[in-house]
Amino acid sequence: MDEKNIPIRTYQVCNVLEPNQNNWLRTDWIPRSGAQRVYVEVKFTLRDCNSLPGVTGTCKETFNLYYHESNEDRESYIKESSFIKVDTVAADESFTQVDVGDRIMKLNTEVRDVKVTTRKGFYLAFQDVGACIALVSVRVFYKTCPLTVRNLATFPDTITGADTSSLVEVRGSCVNQSEEREEPKMYCGADGEWLVPIGGCLCNPGYEERGGACKACRAGFYKAKSTDPGCAKCPPHSHSLRDGATICDCHAGFFRADTDPPSMACTQPPSAPQQLISVVNETSVVLEWTPPHRLGGRSDTSYSLECLICQTGSHSHTGGRFCAPCGSDVLFSPGQTGLTTTRVVVSELRAHTHYTFIVHARNGVSQASGAGAAQSVSVSVTTNQAAPSPVSSIQATDVTRHSLSLSWQQPDRPNGVILEYEVKFYEKDQRERSYRIMRTFSRSVDVTGLNPLTVYVFHVRARTAAGYGEFSTPFEFSTNSDPFPLIGEGVNSAFLLLSVSGVGILLLISAAVFIISRRRSKYSKTKQDSEEEKHLNPGVKIYVDPFTYEDPDQAIHEFAKEIDVSSIHIEKVIGMGEFGEVCSGRLRVQGKREIYVAIKSLKAGYSDKQRRDFLSEASIMGQFDHPNIIRLEGVVTRCKPLMIITEYMENGSLDAFLRKHDGQFTVIQLVGMLRGIASGMKYLSDMNYVHRDLAARNILVNSNLVCKVSDFGLSRVLEDDPEATGTYLSPGGKIPIRWTAPEAIAYRKFTTASDVWSYGIVMWEVVSYGERPYWDMNNQDVIKAIEEGYRLPAPMDCPVVLHQLMLDCWERDRAERPTFSQILNMLDKLIRNPGTLRRTGGERYLQCTKAKTEISSSKWSLCEWLQSIGLERYRDTLAAAGYTSLDSLLALTHHEFSSHSLLMALKQTCFAFVDCI
Ligand code: AMP
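To keep things clear, this report deals only with the structure shown in the data block. This structure is a prediction, so every number in the text was calculated from the model and none was measured.

Structural notes on the packing of helix α7 (residues 667–686) against helix α10 (residues 752–767)
- Interhelical geometry of α7 versus α10 gives an angle of 165° and a closest axis separation of 11 Å. As summarised for this structure, α7 and α10 are arranged roughly antiparallel, according to the angle between their axes. Crossing of α7 against α10: the hand is right-handed. Only Thr752, Asp755, Tyr759, Val762, Met763, Val766 and Val767 of α10 make contact with α7, whose side of the interface consists of Leu670, Leu674, Arg675, Ile677, Ala678, Met681 and Ser685.
- Residue composition of the contact of α7 with α10, grouped by class: ten nonpolar, two polar and two charged.

Written as structure tokens, this is what we have:
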């Protein structure tokens, strides 16, 4: 009976009285079944030798466990020596006679394990060497790691390894509707535990993980990629009807472009552009329109222009009843197709001709929508009469001592019927002091009554009903000394001889000049290079970097006049410069009237480098001569303190001046100031000088509101500009971040185009009366926001054209920015047509307020709201940053809000936005 009084069978032996016992009990063959290590659990009872009288020496309290591996399941006799010993097993418990009397048995349980790897199966054997023992049960088993699913991979039931420390590497297989992300693997430990799961699977598109399995997305949901976290709700204007959708189908009338991600809402093509207006200027037309009323939920609207030339009298808009496409010689600026701006200048049109222009709007889904033809709006115009273009070349034939015959071609663009040509000519020596005019209906004229052997200059112009065109460029011809004309080009031998000897003399003079200039040879190598450059561009003066001089004093005396200190009368301190005080005072130079001047002095105790840097500004300034560049009067270097004397600018620096007079100027006055700055900058760029620190603080204003560019210190740019409060440390120097073009910040690419960027910022400073660009955003946020496409918005009451000009200056691609010459032309045009300055973006502020009301009642989507405040171009950027709904923006904490540079920038753009948040 066992402990529960259930009868059990046992194998017993109890030969304790006789010595040298060797009794064996052997099991049947046990198949291994793939196991590599088997466990043997033996239950037995053993009698305590002490409880048996007279057995000392013969009684034992242990038995031995053996095994023998074999492929044969019916071995009848196995030699003792073929068995391998597993262990000698002793009892933990033993029972005494008393226990027997109580019919209580104490069972021992011992487990041993043994590696069985060589044969199909094995036998176990028990050897008794003289114990009193009863074997109750033997259980033989092996261990497995049970079937399991981890990371969407199934791992099968796995038998453990042969050794107690061995790990079995197991490869999992992906569950249904899933694919491998990374090979799934796990290790099966010796005691049947799974260890170290690696890799795993991902549910296929259209499926998501639920309870360790991949389940299909329900209708109304989709999953596009296996890496997407789970099924997502169909985006706006789309649906999925069946389970397991990988993309949602667009509602009827909505579309998705090939490049649109499945997470994007379905969208529509735009409606037609609106309010197309045309302004005709002789043979060019400026077309301007406003964006379509409906953008279809997208921000990639682009425009293309169709140009039709229509017969006189025809007013048909399209259809080509009387119209045909314009020729390829018509010019469109900035282009004819793929336009993202809403203004095009069409030029090189025929004079007095009817044209029809059709502006098409399309976006990313125009093609997909099958509509093909984009929504469009058209306008018909008639170009004005225009004067003929200049005659491009004039030939002379039949040259004699007193006459010659001129002939020429009709102008390239007569712009009408040519009624007459006018020939103006004069002796070259006389210049235009006295000239003669001849008129002719034909394209040739005989000019008589000329002096012999004299060079004459001829200009020809044409006249149509629209008036005279421009004169041609000058053409020079000489009369003969020979009474007999030469056939051909009208050049006689005497003239040839004279020309040849003239050329000879010229050559001699140039050689002499060259030798003399070599002798002088006081320039360093670089200086010579730039001198040569000057010769390459005759007439254009090029700025010379004073740092290319080995001796800085040489540069200063080359470009600045030394002033005697006794002619300077200092009156008061007006500011603080980098090197010391700036004073105002008077300068009286002999023979000239007294003038007011600003005096910058170099404070005592300066280093050599500081002296050089201080004087470099004068060496630079001294090379310039322009009404919008601060004029250098001279320097004092022969006695201390060193001084730089410049013209006095009564109103000081522009930024402080504007802040002091906030809102007090008319737009035309502001544009006038900007024009002055642009004109100065054009001059500097023509001289190849890059300013690098153009900012309102570096513009000075005189009593007549004339603005002049100043601050030409080189050291400042390379080291530090204390005025540029927002500076940013970069290897090699500090840069005034807010004023500087991205390429100059990123890799120090300073060019005239980067000066143009800074000029755009100055425009913004001027129109906002000295507001700090990008307000209180920090430098890093400014850099990030610019990188993300943000640009400063139009200041309050800023004319749209001016803001557009600013945006042009802030083109990311520096080649796309206007030149100073173009800026100057544009500002001149604005000043001539003040009407164009009337349109301001003031409406947007009203819309912001309206948005505030709408948003609080949660009626709007994020997209609609951005659209309403004219900021829909930021939608994708916001979406990429994870903000797709108004709720997601509204849920932002103040901290999160201010850590996102784009949002900070938007906050500044629309004040209502802040209140909404
Ligand atoms: P700067 O070292 O050139 O930045 O000059 C420091 C300050 O002195 C400027 O911000 C101006 O307020 C003043 N200042 C410099 N030059 C002149 C000038 N030519 N006329 C009037 N004020 C000047």
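Things to note about the packing of aromatic side chains
- Scanning all chains against the criterion turns up 25 aromatic pairs.
- Between Tyr355 and Phe357 the ring centres are 6.0 Å apart and the planes differ by 15°, which places this aromatic pair in the stacked class. Comparing Tyr355 with Phe357, the two get one shared label, buried.
- Centroid distance Tyr549 to Phe559: 6.2 Å. Interplanar angle 85°. Geometry classified as edge-to-face.

Topic: unusual backbone geometry
- For the bond running from Ser333 to Pro334, omega is 10°, close enough to zero to count as cis.
- A cis amide bond links Lys640 to the next residue, Pro641, at an omega of 0°.
- Position of Pro641 relative to the elements: it lies in the loop between β43 (632–636) and β44 (643–647).
- One non-glycine residue with positive phi stands out, namely Leu152, at about 65°.
- Phi at Asp797 is positive, roughly 65°, even though this residue is not glycine.
- Position of Asp797 among the secondary structure elements: in the loop between α11 (779–787) and α12 (800–809).
- Owing to a relative accessible area of 52%, Asp797 belongs among the exposed residues under this scheme.

So, the side chain of Arg697
- Here Arg697 shows up in the loop between α7 and β45 (699–701).
- Within the structure, the side chain of Arg697 is placed 3.1 Å from the side chain of Asp693, a separation counted as a polar contact.

A short note on the pattern of salt bridges
- Evaluation of the coordinates by the stated rule reveals 32 salt bridges.
- Taking the shortest distance from any N to any O, the salt bridge between Lys115 and Asp163 comes out at 3.5 Å. Placement of Lys115 in strand β7 (residues 108–115) and of Asp163 in the loop between β13 (158–159) and β14 (168–171) is noted, with a sequence separation of 48 residues between them.
- The exposure class assigned to Lys115 is partly exposed, which follows from its relative accessible area of 35%.

Things to note about the sheet that holds β44
- Across the sheet, which stays open at both edges, the five strands sit in the order β40-β41-β42-β44-β43 with antiparallel pairing between neighbours. Two strands close off the open sheet at either side, each with one partner strand: β40 (568–576) and β43. Direction aside, the axes of adjacent strands within the sheet are offset by 25° on average.
- Relative to strand β41 (residues 581–587), β40 runs antiparallel, the two being bridged by seven bridges. What sits directly across from Met576, in β41, is Glu581.
- On the sheet, helix α5 (residues 608–621) packs against β42 (595–601), β43 and β44 and is oriented at approximately 35° with respect to β44.

Some points on the side chain of Thr356
- Along the chain, the position of Thr356 falls in strand β30 (residues 354–362).
- Polar contacts involving the side chain of Thr356 include one to the side chain of Ser380, which spans 3.0 Å.

Notes on the sheet that holds strand β32 (residues 394–397)
- The sheet built from three strands is open, its strands ordered β32-β33-β36 with antiparallel pairing. Pairing within the sheet leaves two strands with one partner each, and these edge strands are β32 and β36 (444–447). Neighbouring strand axes in the sheet, compared pairwise and without regard to direction, differ in orientation by 25° on average.
- Note that strand β33 (residues 404–408) and β36 share four bridges and pair antiparallel. The residue of β36 that forms the bridge with Leu406 is Val445.

Focus on the site of the ligand
- Around the ligand, a shell composed of 16 residues is seen, among which Lys600, Thr646, Glu647, Met649 and Asp711 lie nearest.
- A distance of 2.6 Å separates an oxygen atom of the ligand from a polar atom in the side chain of Lys600.
- Here a nitrogen atom of the ligand and a backbone polar atom of Glu647 are 2.9 Å apart.
- Starting from 480 Å² of accessible surface for the ligand in isolation, the protein chains cover 87%.
- Elements that contribute at least two residues to the shell around the ligand include exactly β40, β42 and β44.
- For the shell around the ligand, the per-class residue count stands at eight nonpolar, three polar and five charged.

A few points about the state of the cysteines
- Counted under the stated rule, the structure contains ten disulfides.
- The disulfide partner of Cys310 is Cys323, and the gap between their sulfur atoms is 2.2 Å. Between Cys310 and Cys323, the disulfide has an S-S torsion of 105° and is therefore right-handed. Residue Cys310 is found in strand β26 (residues 302–310), and its partner Cys323 is found in strand β27 (residues 323–325); the two are separated by 13 residues along the sequence. We note that Cys310, like Cys323, is buried.

Criteria and thresholds
- Here, residues in each chain are numbered from 1, in the same order as that chain's written sequence.
- This being a predicted model, a pLDDT of at least 70 is required before a residue's local features are given, and a value of 80 or more before pairs of side-chain atoms are given or counted; all residues contribute to the totals for chains, interfaces and linings.
- Only hydrogens and water are removed before side-chain values are computed, so all heavy atoms of the structure are retained for them.
- Angles run from 0 to 180 degrees between N-to-C directions of axes, and those axes are lines fitted to C-alpha atoms, restricted for helices to the stretch in contact.
- Helix and strand assignments come from DSSP, with helices taken as H or I runs of at least 4 residues and strands as E runs of at least 2, each series counted from the N terminus.
- Here the angle decides the label: under 35 degrees means roughly parallel, over 145 means roughly antiparallel, 65 to 115 means roughly perpendicular, and every other value means oblique.
- Working rule for handedness: look at the near helix, and if it is turned counterclockwise from the far one by less than a right angle, call the crossing left-handed; if clockwise, right-handed.
- By definition in these notes, contact holds between two residues if any of their heavy atoms fall within 4.5 Å.
- Three residue categories are used. Nonpolar comprises Ala, Val, Leu, Ile, Met, Phe, Trp, Tyr, Cys and Pro, charged comprises Asp, Glu, Lys and Arg, and polar comprises the others, including Gly.
- Working definition: a ring pair exists when centres of Phe, Tyr or Trp rings (six-membered ring for Trp) sit within 6.5 Å. Plane angles under 30 degrees give stacked, over 60 give edge-to-face, the rest tilted.
- Classification of residues uses two cut-offs on accessible area relative to the type maximum, computed with a 1.4 Å probe and protein chains only: under 20% is buried, over 50% is exposed, and between them is partly exposed.
- N or O atoms within 3.5 Å of each other form a polar contact, as long as, within protein, one can give a hydrogen and the other can take it, and as long as residues adjacent in sequence are counted only when both atoms are side-chain atoms.
- Whenever a carboxyl oxygen of Asp or Glu lies within 4 Å of a side-chain nitrogen of Lys or Arg, that contact is scored as a salt bridge.
- Think of it this way: DSSP has to see at least two bridges between two strands before they count as a pair.
- The cutoff for a nearby residue is simple: one of its non-hydrogen atoms must lie within 4 Å of the molecule or strand.
- Computed by Shrake-Rupley with a 1.4 Å probe, the accessible areas treat only the displayed protein chains as cover when residues are assessed.
- We call a pair of cysteine sulfur atoms a disulfide whenever their separation is within 2.5 Å.

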